[in-house]
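# Analysis of the macromolecular model
One-letter residues, chain by chain:
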Amino acid sequence: MSLKRALSAASPLTLRIVAQCPVTKARACDLILPHCAVSTPVFMPVGTQGTLKGITVDQLEGLGCQICLGNTYHLGMRPGPDLIEKANGLHGFMNWKRNLLTVTVGFRWCLLLSSQEVTEEGVKFKSPYDGKEILLSPEKSISIQNSLGSDIMMQLDDVVSSTVTGPRVEEAMHRSIRWLDRCIAANKNPHKQNLFAIIQGGLNAELRKACLDEMTQRDVPGFAIGGLSGGEEKDDFWQMVTLSTDHLPREKPRYLMGVGYAVDLVVCTALGCDMFDCVFPTRTARFGSALVPWGSLQVKHKQYAKDLRPIDPDCQCPTCKRHSRAYLHALFKSDTAAMHHITIHNIAYQLTLMRSVRESIVEGRFPDFIRTFMKRMFPSRDQYPGWAVDALASVNITLE
Amino acid sequence: MKLELSRVVQGRSRLGVLKRLGRAGQHSLEVPGCLLYTHLGTVPHLTQDTLHTQSNLPSVTQVTLSNIAEHQEVLEEFKDGFRKFSGLHDTVLYCSLHDPATPCPTGYTTNKTVSVWGSGGRIELTVAKFMTLQRAVQPDWYQSMADGETWQSNTSRKRVRKSVDRTLAHLDECLLVHQKSQELEGVEVFGAVEGGDILEERVRSARETAKRPVAGFCLDGLQTGSMDQALRTQLITAVTKELPEDKPRLLQGVGRPDEVLECVDAGVDLFESFFPFQVTERGCALCFSFDVSPDPERAVLELDGEKEMAGETQQNGDLNLDDQTQMTSFEINLKDKRYQGDFRPLVEGCGCYCCKNHQRAYLHHLLVTNELLAGVLLMIHNTAHYHGFFSALREALANDKLDLLKRRVLRERDGQT
């Protein structure tokens, strides 16, 4: 056995492509990670600070979640890597027995931080907790993630807003490659923890391609498509996504960061992505917004005060099996548990959606699934988002 | 309902079972016991999944008109009662007037009305409106409308007398309407005993209320913060002497373990379980011991544990009667830095979901980062611990160990080693 294959055999990640859609670029895979297998395409709920807001790990497991996210920067600040290491890693600390993926900083959080200074060394922040200056270098970010013990770690990337143009984008792209190499070198646990690269290049096709060419030469177990989902035009967004999947190796997972709206999930699966994450479903839940196949329902709205149906009569989640819109509407005035009910429902919605997507790919009917999905989501054909129609057309899907 | 007493200790504290609860009479509740405190049918912070990580929950769920009143229209249109509306499948529903965890503004009570405060502000209730609400809620049992606004320390004798008179008048009116209401067939009514801190008024209220056809008695206006325990004990002892032995006595607004024990000793059967909720809201975990087992080895271990506890818990000093949000010495404050690296469960040996799955360090982190899960986990633990206390209380009564339990709990309160 060649040395390369022997090393791969020791890799803590195996991707088995179970089915490939013959029409689009979609795949259904089994992603074997240290804690358990993950069925893709997969939506990963976000539990930034070592918890999914208001939900116990048992409830999360009960919903069928196989992998969720934690945040390196936040946990690195509070409670800190040393404590988490003492607690047997983030898995031990939060008592989550399945997989964890840690992102370094968080795209939008990063953009919100004031007095942020990026040098070749790393990113300098002022901590919002105690005002101290912190330098997050590639080495430090990997060191923290090694202590967290996540199954998938993300490189530290030089992130720029997708609405920025000019030389800064190119600088960030090249730096991200250099930082990727430093992250790879700094990983103390390559046999237990997977390090994913993050493709940058903004909305510039040439830069993206250059980044793809370089990063795919590194021996990493997976790739993320970064720097998108930050307010850019959807037309540019999908073109960068599809360009990226065109040039990413087939046999490695593709993680599209920060994508979570239902339409985006379905379309980007068709464009060849396997993994997704987003705070949207869980965050919007806390505002009383319940996700449903035909959009969303603002439970706190007066119109639901007397609505005795569950959020979605077809939904099998604990919330829909027991409670009505009217009760949840009333409960929002009395107790925080109302938020938890909606959070549970929204996670269930996302996971069920991805499960249905996967099933349809495996059964060779993904194109039909897409058509049915779009019909349900939008009242009429002329309300289909233009970018989605174009993106799907690019992978041979025509919508009536 | 039917109260079956198995023991009466020293003519005061009672042990037994409240049977034939619920429309089909299929539920029972052990006494002394507590009801399940909820906000609109939901135990604070908990969904059914997290709530039912605990077995042996009280069979009676308490809801309050202060949460429900603003939803009258919805319930009237729904027609099938609050229990069904909230998805509470198999529980006995008790409806009280006020939420014991939220003190009401005073000065809004009149001869004919009392007020509750919902999320949208004050809602004024006449007996007619009160009873309309009960018909919409369709509880299994409810507290009659009452004027209990006597808990402020400078309430005049005249005002106290008025509260007794008004409450009796409300009760009589409620009962009249009750008897005529088809929706309330089989529903039980508890009369409220008032009287502030004036012994003669308390006795008068008890005697008069006992003459009415009520299923049991709510002892009102005695809540924590309104008077010291010595006076409360005196008043309750006098009141229970006037009440029939075979009807249950529910004490409102008292939940601290030491006060519970004293009140059981004075003849109280039922309590509201809002205390674990208050502890949760201040980021604390109940940890007081209620173990009175005779095992000598354990006694030594416990002594050491006690010393540790005494160091851990805050000295209470003089009770600040007016501040119910103040931490007691029955709990630990998990926000404290000392728990940052403490990998023990909240309470060693506690079988609740929180203690079986998580550690103090994690709870500390959740509180410091203001995470919602803190409330969920703490509520689970505090609920379990509190119900464990009531279990131990019943066991102590059964085995003549009430004094031992009292001493143990008072030691915790006073932080003695």
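This structure is a prediction, so every number in the text was calculated from the model and none was measured.

## Describing the overall build of chain A
- Looking only at helices and strands, chain A features 17 helices and 16 strands.
- In summary, chain A has a C-alpha radius of gyration of 21 Å against a globular reference of 21 Å for 400 residues, a match within 12%.
- The principal-axis extent of the C-alpha atoms belonging to chain A is close to 60 × 50 × 45 Å.
- When burial is assessed residue by residue, chain A has 60% of its 400 residues classed as buried.
- Contacts in chain A between residues far apart in sequence, at least 24 positions, make up 67% of those at least 6 positions apart.
- For chain A, the exposed area adds up to about 15500 Å²; of that, 51% sits on carbon and sulfur atoms.

## Observations concerning the side chain of R394(B)
- With respect to the helices and strands, the residue R394(B) is situated in helix 14 (residues 373-398).
- Its relative accessible area of 15% is what places R394(B) among the buried residues.

## Re the sheet that holds strand 1 (residues 2-9) of chain B
Residue and element names in this part refer to chain B.
- Strand order in the open sheet formed by three strands is 1-2-3, with antiparallel pairing between adjacent strands. Lying at the two open borders of the sheet, with one neighbouring strand each, are strand 1 and strand 3 (27-31). Averaged over all pairs of adjacent strands, the angle between strand axes in this sheet comes to 10 degrees, irrespective of strand direction.
- Note: strand 2 (residues 13-21) against strand 3, four bridges, orientation antiparallel. For V17, the partnering residue across the bridge sits in strand 3 and is E30.
- Where helix 14 meets the sheet, it contacts strand 1, strand 2 and strand 3, and its direction lies at approximately 120 degrees from that of strand 2.

## Quick look at the nonpolar core
- Core analysis: the biggest nonpolar cluster contains 160 residues, and F82(B) and L125(B) have the highest contact counts within it.
- Ranked by residue count, the leading element in this core is helix 14 of chain B, at 14 residues.
- The residues contacting L125(B), other than those within four sequence positions of it, are L65(B), L97(B), K112(B), T113(B), V114(B), V116(B), F130(B), L133(B) and M145(B).
- Ranked by size, the runner-up nonpolar core spans 60 residues in total, among them V220(A), M240(A), L248(A) and V389(A).

## With respect to the confidence of the model for chain A
- Averaged over every residue, the pLDDT of chain A is 93; the share at 70 or more is 95%.
- Predicted confidence for residues 1-9 of chain A stays below pLDDT 50, and this span has one contact to residues more than four positions away or in other chains.

## Observations regarding the side chain of H45(B)
- Its place among the elements puts H45(B) in the loop between strand 5 (36-37) and helix 1 (48-51).
- Dropping the residues within four chain positions of it, H45(B) is found in contact with D335(A), T336(A), A337(A), H340(A), T280(B), E281(B), G375(B), V376(B) and M379(B).

## A look at the pattern of salt bridges
- According to the stated counting rule, one finds 52 salt bridges over all chains in the structure shown.
- Here K53(A) and E371(B) are joined by a salt bridge, their closest N and O atoms 2.7 Å apart. One end of the pair, K53(A), is in the loop between strand 4 (42-44) and helix 2 (57-62); the other, E371(B), is in the loop between helix 13 (360-368) and helix 14, on a second chain.
- Taking the shortest distance from any N to any O, the salt bridge between R168(A) and E171(A) comes out at 2.8 Å. In this pair, R168(A) and E171(A) are both assigned in helix 8 (residues 167-186), three residues apart and thus about one turn of the helix distant.

## As for the UniProt feature "binding site: Zn(2+)" (unreviewed entry) in chain A
Residue and element names in this part refer to chain A.
- Per the UniProt entry, the sites bearing "binding site: Zn(2+)" (unreviewed entry) are C315, C317, C320 and H345 in this numbering. The greatest C-alpha distance among the annotated residues, which extend across 31 residues, is 8.3 Å, indicating that they converge on a single site.
- Exposure remark for C315: the relative accessible area of 14% places this residue in the buried category.
- In this fold, C317 is placed in the loop between strand 16 (295-298) and helix 13 (318-322).
- In this structure C317 comes out as buried when scored by relative accessible area, which is 3%.
- Not counting chain neighbours up to four residues away, the residues in contact with C317 comprise H345 and A348.

## Digging into the interface of chain B and chain A
- At the junction of the two partners, chain B supplies 43 residues and chain A supplies 39 residues.
- For the pair chain B and chain A, the summed buried surface comes to about 3400 Å²; carbon and sulfur atoms form 60% of the total.
- Broken down residue by residue, the surface that chain B buries against chain A is led by H365(B), E371(B) and L372(B), which jointly contribute 16%.
- At the boundary of chain B with chain A, the tally comes to three salt bridges.
- Between E77(B) and K306(A) there is a salt bridge; the shortest N-O distance is 2.7 Å.
- Connecting chain B to chain A are 18 residue pairs in polar contact (both at pLDDT 80 or more).
- By residue class, the composition of the side of chain B that touches chain A is 19 nonpolar, 19 polar and five charged.

## Concerning the environment of F217(B)
Residues and elements named next belong to chain B.
- Along the polypeptide, F217 turns up in strand 12 (residues 216-219).
- F217 sits in the buried class, given a relative accessible area of 0%.
- In this structure, the C-alpha to C-alpha distance between F217 and G191, residues 26 residues apart in sequence, is 4.9 Å.
- Residues contacting F217, with those up to four places away along its chain left out, are F190, G191, V193, T209, A210, L243, P244, K247, P248, R249 and L250.

## Observations regarding the packing of aromatic side chains
- Under the criterion given, the structure shown has 23 aromatic pairs over all chains.
- Summarising the aromatic geometry, the rings of F378(A) and Y384(A) are spaced 5.7 Å apart at their centres and angled 55 degrees between planes, so their arrangement reads as tilted. Each member of the pair, F378(A) together with Y384(A), is buried.
- Taken together, a centroid distance of 6.4 Å and an interplanar angle of 55 degrees make the contact between F290(B) and F389(B) tilted. Taken together, the residues F290(B) in the loop between strand 15 (284-286) and helix 11 (296-312) and F389(B) in helix 14 connect sequence positions 99 residues apart.
- Taken together, the ring pairs in this structure connect F271(B), F275(B), F288(B), F290(B), F330(B), Y386(B), F389(B) and F390(B) into an aromatic cluster.

Conventions we followed
Residues numbered from 1 in each chain as written. Chains lettered and ligands numbered in written order. Predicted model: local features only at pLDDT ≥ 70, side-chain atom pairs only at ≥ 80, totals over all residues. Heavy atoms only, no water. Helix = DSSP H or I, 4+ residues; strand = E, 2+ residues; numbered from the N terminus. Rg over C-alpha atoms; globule rule 2.2 N^0.38 Å. Buried < 20%, exposed > 50% of the residue type's maximum accessible area, 1.4 Å probe, protein only. Contact = heavy atoms within 4.5 Å. Areas by Shrake-Rupley, 256 points an atom, 1.4 Å probe, with all protein chains shown as cover. Pairing = 2+ DSSP bridges. Axes fitted to C-alpha atoms, helices over the stretch in contact; angles between N-to-C directions. Core = buried A, V, L, I, M, F, W, Y, C linked by side-chain atoms within 4.5 Å. pLDDT = per-residue confidence, 0-100. Salt bridge = Lys/Arg side-chain N within 4 Å of Asp/Glu carboxyl O. UniProt positions renumbered as here; feature names shortened; annotations may be inferred. Buried area = accessible area lost by both parts, 1.4 Å probe. Polar contact = N/O pair within 3.5 Å; in protein donor to acceptor, adjacent residues only side chain to side chain. Nonpolar A, V, L, I, M, F, W, Y, C, P; charged D, E, K, R; others polar. Phe/Tyr/Trp six-rings, centres within 6.5 Å; stacked < 30°, edge-to-face > 60°.

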